[in-house]
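Here is what each chain is made of, one letter per residue.
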Amino acid sequence: MARIHLGNQEKRSVCFFMATFILGLVILFGGAAIYGTVCEKVFGPDDRETPAYSKQDGVDYVPMRCWKNSLINLLNIAGTGPIFGPIQGILFGPIAFITIPIGNIIGGAMHDYFCGMICLRDGGTQMSAMIRKYSNKGIFTIYNIFVCLLLLLVGAVFIYTPGDIAATGIFNFDGAATSVSTWVIYGVIFAYYLIATVFPIDAIIGRIYPIFGAILMFSAIGVFIGLFVKGYPLLNLWDDWNGALFAYGDYFSTGHFIPIFFVTVACGILSGFHSTQTAIISRTVKSERQGRMTFYNMMVLEGFIAMVWAAAAMGIFNLGVQEATASTTSTVIAVCKNILGPVGGVIALVGIVVLPITSGDTALRGLRLTISEVLHIDQSSNSKRLGLASIIFILVAAILVFAKFNANGFNILWRYFAWSNQTLALFAFLAISIWMFENGKAKFVWIPLIPGAFYTFVCSTYIANAAIGFNLPWGIAYPVGAVCVVAYVGIICWYGKKRASRLRKV
């Protein structure tokens, strides 16, 4: 088949160029309607009193409307992952337009829904308590260490990335580590995080998020509409992937699509970080019947954001406006200003800055709640919350300084963040599986086991091969991954049946 060059684009309709992208959107929203219904029926929400009422304290347990919970959850989970990840992942070619929605539906959205709903039904517990209840002491200990490290990394990453986008894309500063302007911007974000971490959720987050949400929706929908208005040239599955400006086919064939693509795209498909956020929202949901909209559908919207940015990146690469090898930050800025113009582009960039900020604040809030719950630290007053938050923020500041001043610091930080984010989801899949065994739903355990097995392979092969891991050749990394999959599935099935049998005897 002939290659697609920019000269052909006027001879073929925009819809033809975007056929695979449009097909992916149909899969995403159509599949979500079907599979979301399946997940909801398997869980079985009812009209019991939720923790927002039974434990109402005016701080963390606060009844809020469904639209507000949904918006807060979307902003909590949608950091720079569904933008930065797809921009890098689209280099593997148009297959990303199919794998993102399928993975999102059966992996990420299902993960978010069951984590949020189980924590909701168990009294608004945090994820650490969920893991403790549905695993054993050893796994619980490993999880707590893992989640605390991840949330610290999230806090640092989500100060660094929005700070740099704001500095270079909005205020036109240089973003250098030695510039005062860089640290002033970091400081403003840092101060907001501290306020949102300490004070009541409805006083800060519940009031400011609707404004953030409006900016976010302008950014995502504006770029989406701009794709069609501008007629961005995309590739379809049946095209020659080695176009005039970038050889997607060569990148795919040499880039080890599994596992690299799935670790790279990360949050648009699956994110273990999300479980820590849905647990927070489980304390403000008025009815279990609102769970599908609040948890499942908001992850689907994050998948939509990921699809939009994957398409925007491919389009701008194919137009030659931006080189595919350019930095992700510069690609984001180029897309916004090319599609929406100077003023609209700046507004869109504000929306993109909002995404990580509204994830970073609740990441650190979730870390405070997790530590206080595990160590039984009283958090009943602002001063007590501030005392624990201060320790957390000192550690985040240290990580941020390292990442900014070390030449390779941010790359190291991001790689560990991306891998650990996916690995954290394996703990959640395990807990969901055991919950199903214990609640007479063993015949549906395939729902968490399928994505759990797949991501066990992805995470284990990646860390086995990666330079930041064991640095083994792929010929060894893949068998290691296969062994890990067998062990993961086997142990869950054995342990789940054992727990279910023990409960029947009681």
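Parameters at a glance
Residues numbered from 1 in each chain as written. Predicted model: local features only at pLDDT ≥ 70, side-chain atom pairs only at ≥ 80, totals over all residues. Heavy atoms only, no water. Helix = DSSP H or I, 4+ residues; strand = E, 2+ residues; numbered from the N terminus. Rg over C-alpha atoms; globule rule 2.2 N^0.38 Å. Buried < 20%, exposed > 50% of the residue type's maximum accessible area, 1.4 Å probe, protein only. Contact = heavy atoms within 4.5 Å. Areas by Shrake-Rupley, 256 points an atom, 1.4 Å probe, with all protein chains shown as cover. Lys, Arg positive; Asp, Glu negative; His and termini not counted. Charge placed at Lys NZ, Arg CZ, Asp CG, Glu CD. Expected span 1.5 Å × (residues − 1). Bend = angle between axes of the 7 residues up to and from the residue. Patch = residues over 30% accessible without salt bridge, like charges linked within 9 Å, V, L, I, M, F, W, Y side chains within 5 Å. Salt bridge = Lys/Arg side-chain N within 4 Å of Asp/Glu carboxyl O. Core = buried A, V, L, I, M, F, W, Y, C linked by side-chain atoms within 4.5 Å. Axes fitted to C-alpha atoms, helices over the stretch in contact; angles between N-to-C directions. Parallel < 35°, antiparallel > 145°, perpendicular 65-115°, else oblique. Left-handed = near helix turned anticlockwise from the far one by under 90°. Nonpolar A, V, L, I, M, F, W, Y, C, P; charged D, E, K, R; others polar. Disulfide = S-S within 2.5 Å. Phe/Tyr/Trp six-rings, centres within 6.5 Å; stacked < 30°, edge-to-face > 60°. Lys NZ or Arg CZ within 6 Å of the ring centre and 35° of its normal.

### Considerations on the overall build of the chain
Then, number 1: A count of helices and strands for the chain gives 19 helices and zero strands.
Then, number 2: For a compact globule of 506 residues, the expected C-alpha radius of gyration is about 23 Å, and the chain comes in at 22 Å, within 12% of that figure.
Then, number 3: In terms of overall dimensions, the chain has a C-alpha envelope of 70 × 50 × 45 Å along the principal axes.
Then, number 4: In the chain, which comprises 506 residues, the share counted as buried stands at 61%.
Then, number 5: Residue pairs in contact within the chain that sit at least 24 positions apart in sequence constitute 83% of those at least 6 positions apart.
Then, number 6: For the chain, the exposed area adds up to about 18500 Å²; of that, 68% sits on carbon and sulfur atoms.
Then, number 7: With 33 positive and 22 negative side-chain charges, the chain shows a spacing of 7 Å between the two charge centroids.

### Quick look at helix H15 (residues 328-375)
Every α-helix winds through 3.6 residues per turn, so residues three or four apart in the chain are directed the same way.
Then, number 1: The first and last C-alpha atoms of H15 sit only 39 Å apart over 48 residues, clearly below the 70 Å expected at 1.5 Å per residue.
Then, number 2: For H15, the principal kink sits at glycine 341 and spans about 130°; a proline, proline 342, occurs within the next four residues.
Then, number 3: Of all 48 residues that make up H15, 36 are buried, and the element is covered over most of its length.
Then, number 4: Immediately beyond the C-terminal end of H15, within one or two residues, lies histidine 376, with a positive phi of roughly 55°.

### Regarding a nonpolar patch on the surface
Then, number 1: A surface patch of nonpolar side chains, amounting to about 350 Å² of accessible area, comprises Ile102, Ile106, Trp446 and Ile450.
Then, number 2: Where the nonpolar patch is concerned, the elements lending two or more residues are helix H6 (96-121) and helix H18 (446-465).
Then, number 3: One can find isoleucine 106 in helix H6.
Then, number 4: Note on isoleucine 106: relative accessible area 32%, which makes it partly exposed.

### Observations concerning the nonpolar core
Then, number 1: Ranked by size, the top nonpolar core spans 161 residues in total, and within it Phe114 and Trp309 carry the most contacts.
Then, number 2: Excluding its chain neighbours within four sequence positions, the residues that come into contact with tryptophan 309 are Pro82, Ile83, Ile87, Val223, Val332, Val335, Cys336 and Ile352.

### Quick look at the packing of H6 against helix H12 (residues 257-265)
Then, number 1: Between H6 and H12, whose axes approach to 12 Å, the crossing angle comes to 70°. One finds that H6 runs roughly perpendicular with respect to H12. As H6 packs across H12, the resulting crossing turns out to be right-handed. For the pair H6 and H12, the contacting residues are Ala96, Thr99 and Ile100 in the first and Phe257, Phe261 and Val265 in the second.
Then, number 2: Here the residues of the contact of H6 with H12 are counted per class, giving five nonpolar, one polar and no charged.

### A look at the state of the cysteines
Then, number 1: The full count for this structure, using the stated rule, is zero disulfides.
Then, number 2: Cysteine cysteine 66 remains unbridged, with the sulfur of cysteine 39 as its closest cysteine sulfur at 17 Å.
Then, number 3: In this structure cysteine 119 is a free cysteine whose sulfur lies 6.6 Å from that of cysteine 115, the closest cysteine sulfur available.
Then, number 4: Here cysteine 119 falls in the buried class, since its relative accessible area comes to 0%.

### Brief notes about the packing of aromatic side chains
Then, number 1: With the rule as written, the count across this model stands at 37 aromatic pairs.
Then, number 2: Seen in terms of ring centroids, phenylalanine 171 and phenylalanine 173 are 5.9 Å apart; in terms of plane orientation they differ by 20°. Their pairing is stacked.
Then, number 3: Looking at phenylalanine 173, the relative accessible area reads 39%, which means it is partly exposed.
Then, number 4: Here tryptophan 183 and phenylalanine 405 contribute two aromatic rings whose centre-to-centre distance is 5.8 Å and whose plane-to-plane angle is 15°, an arrangement assigned as stacked. Residue tryptophan 183 is located in helix H9 (residues 180-198), and its partner phenylalanine 405 is located in helix H16 (residues 382-405); the two are separated by 222 residues in the primary sequence.
Then, number 5: Taken together, the aromatic side chains of Phe92, Trp241, Phe246, Tyr248, Tyr251, Phe252, Phe257, Phe261, Phe262, Phe454 and Tyr455 make up a single cluster linked through ring pairs.
Then, number 6: Residue placement shows lysine 404 over the ring face of tyrosine 160; its charged tip is 4.8 Å from the ring centre.

Interpretation in functional terms is not warranted from these geometric data alone.
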